[in-house]
Amino acid sequence: MTMARKPLLEIVLANPRGFCAGVERAIKTVEHALAEFGAPVYVRHEIVHNARVCDDLRAKGAVFVEEVEEVPPNSVVIFSAHGVPRRVENAAEAAAHHVIDATCPLVSRVHVGGRRYVMDGRRVILIGHRGHPEVEGTLGQIETPPDRPVLVVASASDVEALDLQPDEPVSYVTQTTLSVSDTRGIIDAIRRRWPDAEGPDTRDICYATQNRQQAVAEIAGLVDAVVVVGARNSSNSNRLVEIALAAGVPARLVPSVADLERDFVEGVRRLGISAGASAPAVLVDEVMARLADWFDLSVTEVMGKREDVSFRLPRGLGNTLGRVARRA
Ligand code: SF4
C-alpha cells in the first residue's frame, strides 16, 4: 500500500520575531521574585499579553490581579511591562506592598518625555489606543493641571476633531507598539494643525515593534499568506497582521495552535510566519508541528535585523530578603 503524499508547503520565517527585551525582562522578573520571595507573588494585569506565558507563571505561584486592591497587605506586587498609572503606585505604597516594577524601560521613557513636555507648559497629545493598559498607564503617569488633560488620538480624524487653538504649544508622545506608517500619518496631521509641534517623530515606537513590522513587510512580498502567532489583546501582534493585510496578503492572528485553521493554509504555496513580541517560541514550534502534520514542509528564514538589546532586572529584586514585612 502506498501512503498518500502530503502537499508541499514552503515556510518563510520572519526575522526577528517573538520575544523582545522588555518581555524577557518582565518574565524573568516574576521568576526571580518567585525564587526569592516564594509564592504567591501578585502581578497586576497580565505580565505580558500572552496566555501561555501567564499560565506557566501561574503554575509556579504567580497570582494575576487587575487591581492592587485585590491583593492582601504586605505582599510582593509586580507591575506588568505595560506600566501603571501613578494612582496604582500610590495604592501599592498605601497597602505596604513590596513593589517590583517590570514596566518596560522603553515605556518609562515615554512617561519621562510626556512629563517633560508638561513641565515646558505644552499641551500633550498621546497617540495610542484608549483602553490599552500601556495608554492608561501613560495617561496616569503624565500629571497635568485638571483643565489641561493629555489628549488621546488614534487617527488623523481624531486630530482634526481636537478642540485646541492654533497657537497652543503642542507636543505628542506615542504608544510603543503602534504601526509606524499609521503613526506617521497621525503625526503629519498634528503638524498640519500645529507646525511647531514637538515630539519624537516615530521614535517612541520601540525597536522591537519596528523591527518585527519591517520583517513582516519583507516576507509579505515573498509569500501567499501570513500567520502571526500572538494573543488577541497583543497590540504589536495585531499591527503585524495589519501590515501583511496592507501589503495585499491574506493574514491571520493565531493565538495558539488550536486556532490554526487548515482552510486558511490550504492551497497556499508559500506561507510567512511571524510572532508578536509577547509570543513565546514554543507557540511557533507548535504551529510548525501542526503544519508538518498536514504538509511536507520546507523552511527558510529571512535574514533580519540583529537585536542585541537587553535590560537589567528592576529594583526590588536581590538583597531584599528579610526586608519584606510578610517574610519578617
Ligand atoms: Fe518594551 Fe517594546 Fe517589548 Fe513593549 S514591545 S515590552 S515597549 S521592548
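Just so you know, these numbers come straight off a predicted model, no measurement behind them.

**A short note on the environment of Leu-34**
Phase 1 of the analysis: Along the polypeptide, Leu-34 turns up in helix H1 (residues 21-37).
Phase 2 of the analysis: When the C-alpha positions of Leu-34 and Val-76 are compared, they lie 9.4 Å apart, and in sequence the two are 42 residues distant.
Phase 3 of the analysis: For Leu-34, the residues in contact, after removing those within four places along its chain, are Ala-39, Val-41, Leu-57, Lys-60, Gly-61 and Ala-62.

**With respect to the site of the ligand**
Phase 1 of the analysis: With respect to spatial proximity, the complete set of residues near the ligand consists of Cys-20, Gly-22, Val-23, Cys-104, Leu-106, Val-107, Thr-176, Cys-206 and Tyr-207.
Phase 2 of the analysis: Grouping the constituent residues of the shell around the ligand by class yields seven nonpolar, two polar and no charged.

**Re the confidence of the model for the protein**
Phase 1 of the analysis: The predicted model of the protein averages 95 in pLDDT, with 96% of residues at 70 or higher.
Phase 2 of the analysis: Scored below 50 in pLDDT, residues 319-328 shows 19 contacts in the model against residues more than four places distant or in partner chains.

**Describing the packing of aromatic side chains**
Phase 1 of the analysis: This model, assessed by the stated rule, comprises zero aromatic pairs.
Phase 2 of the analysis: Its end group placed over the ring of Tyr-117, Arg-116 keeps NZ or CZ at 5.0 Å from the ring centre.
Phase 3 of the analysis: Its end group placed over the ring of Phe-295, Arg-262 keeps NZ or CZ at 5.7 Å from the ring centre.

**Focus on the sheet that holds strand S1 (residues 8-13)**
Phase 1 of the analysis: Ordered by their spatial adjacency, five strands build an open sheet running S10-S9-S11-S1-S12, and the pairing between neighbours is parallel. Two strands bound the open sheet, and with one partner strand each, they are strand S10 (251-254) and strand S12 (296-301). Here the average twist between neighbouring strands, direction ignored, is 25°.
Phase 2 of the analysis: Where strand S9 (residues 225-229) and strand S11 (residues 270-275) come together, five bridges link them in parallel fashion. Note on S11: the bridge partner recorded for Ala-225 is Leu-271.
Phase 3 of the analysis: Along the sheet, helix H8 (residues 207-220) makes contact with S1 and S11, crossing S11 at roughly 175°.
Phase 4 of the analysis: Against the sheet, helix H11 (residues 281-294) touches S1, S9, S10, S11 and S12, its axis set at about 160° to S11.

**Notes on unusual backbone geometry**
Among all residues save glycine, negative phi is the norm, and among peptide bonds the norm is trans.
Phase 1 of the analysis: Here the amide bond leading from Asn-15 into Pro-16 is cis, since omega sits at 0°, within 30 degrees of zero.
Phase 2 of the analysis: Relative to the helices and strands, Pro-16 resides in the loop between S1 and H1.
Phase 3 of the analysis: Cis geometry marks the peptide bond from Ala-39 to Pro-40; its omega dihedral reads 0°.
Phase 4 of the analysis: On the secondary structure map, Pro-40 appears in the loop between H1 and strand S2 (41-44).
Phase 5 of the analysis: Positive phi outside glycine occurs at Asn-74, with the angle close to 60°.
Phase 6 of the analysis: Checked against the element boundaries, Asn-74 lands in the loop between strand S3 (62-65) and strand S4 (76-79).
Phase 7 of the analysis: Positive phi outside glycine occurs at Ala-96, with the angle close to 60°.
Phase 8 of the analysis: As for its placement among the helices and strands, Ala-96 is situated in the loop between helix H3 (86-94) and strand S5 (98-101).

**Things to note about the nonpolar core**
Phase 1 of the analysis: Val-30, Val-41, Ile-47, Leu-57 and Ile-78 are the most contacted members of the largest nonpolar core, which has 29 residues in total.
Phase 2 of the analysis: Residue assignment for this core shows that the elements contributing at least two residues are H1, S2, helix H2 (51-60), S3, S4 and helix H4 (105-119).
Phase 3 of the analysis: Considering each element in turn, this core owes the most residues, seven residues, to H1.
Phase 4 of the analysis: Excluding residues that lie within four positions of it along the chain, Val-30 makes contacts with Val-41, Val-43, Ile-47, Leu-57, Ala-62 and Ile-78.
Phase 5 of the analysis: Within the second largest apolar cluster, 22 residues are counted, among which are Leu-13, Phe-264, Val-268 and Val-287.

**Some words on H1**
Since the α-helix turns once every 3.6 residues, residues separated by three or four places project in the same direction.
Phase 1 of the analysis: End to end, H1 covers 24 Å across 17 residues, agreeing with the expected 24 Å (1.5 Å per residue, within 8%).
Phase 2 of the analysis: By the criterion of burial, H1 is predominantly enclosed, with twelve of the 17 residues buried.
Phase 3 of the analysis: Phi turns positive, to about 80°, at Gly-38, one or two residues after H1.

**Section: the sheet that holds S4**
Phase 1 of the analysis: Taken in spatial order, the four strands line up as S3-S2-S4-S5 in an open sheet, and their pairing is parallel. Of all the strands in the sheet, the pair left with one neighbour each is S3 and S5. Sheet twist, expressed as the average angle between the axes of neighbouring strands with direction ignored, equals 25°.
Phase 2 of the analysis: As paired elements, S2 and S4 share three bridges and run parallel to each other. Residue pairing across strands places Val-43 opposite Ile-78, the latter belonging to S4.
Phase 3 of the analysis: In the packing of H3 onto the sheet, the strands contacted are S2, S4 and S5, and the crossing angle to S4 comes to about 170°.

**A few points about the pattern of salt bridges**
Phase 1 of the analysis: Counted according to the given criterion, the structure contains 15 salt bridges.
Phase 2 of the analysis: A salt bridge links Glu-67 to Arg-87; the nearest nitrogen and oxygen atoms lie 3.6 Å apart. Linking Glu-67 in the loop between S3 and S4 with Arg-87 in helix H3, this pair joins segments that are 20 residues apart in sequence.
Phase 3 of the analysis: In this structure, a network of salt bridges that share partners links the residues Arg-44, Glu-67 and Arg-87.

Conventions and cut-offs
Residues numbered from 1 in each chain as written. Predicted model: local features only at pLDDT ≥ 70, side-chain atom pairs only at ≥ 80, totals over all residues. Heavy atoms only, no water. Helix = DSSP H or I, 4+ residues; strand = E, 2+ residues; numbered from the N terminus. Contact = heavy atoms within 4.5 Å. Near = heavy atom within 4 Å. Nonpolar A, V, L, I, M, F, W, Y, C, P; charged D, E, K, R; others polar. pLDDT = per-residue confidence, 0-100. Phe/Tyr/Trp six-rings, centres within 6.5 Å; stacked < 30°, edge-to-face > 60°. Lys NZ or Arg CZ within 6 Å of the ring centre and 35° of its normal. Pairing = 2+ DSSP bridges. Axes fitted to C-alpha atoms, helices over the stretch in contact; angles between N-to-C directions. Core = buried A, V, L, I, M, F, W, Y, C linked by side-chain atoms within 4.5 Å. Buried < 20%, exposed > 50% of the residue type's maximum accessible area, 1.4 Å probe, protein only. Expected span 1.5 Å × (residues − 1). Salt bridge = Lys/Arg side-chain N within 4 Å of Asp/Glu carboxyl O.

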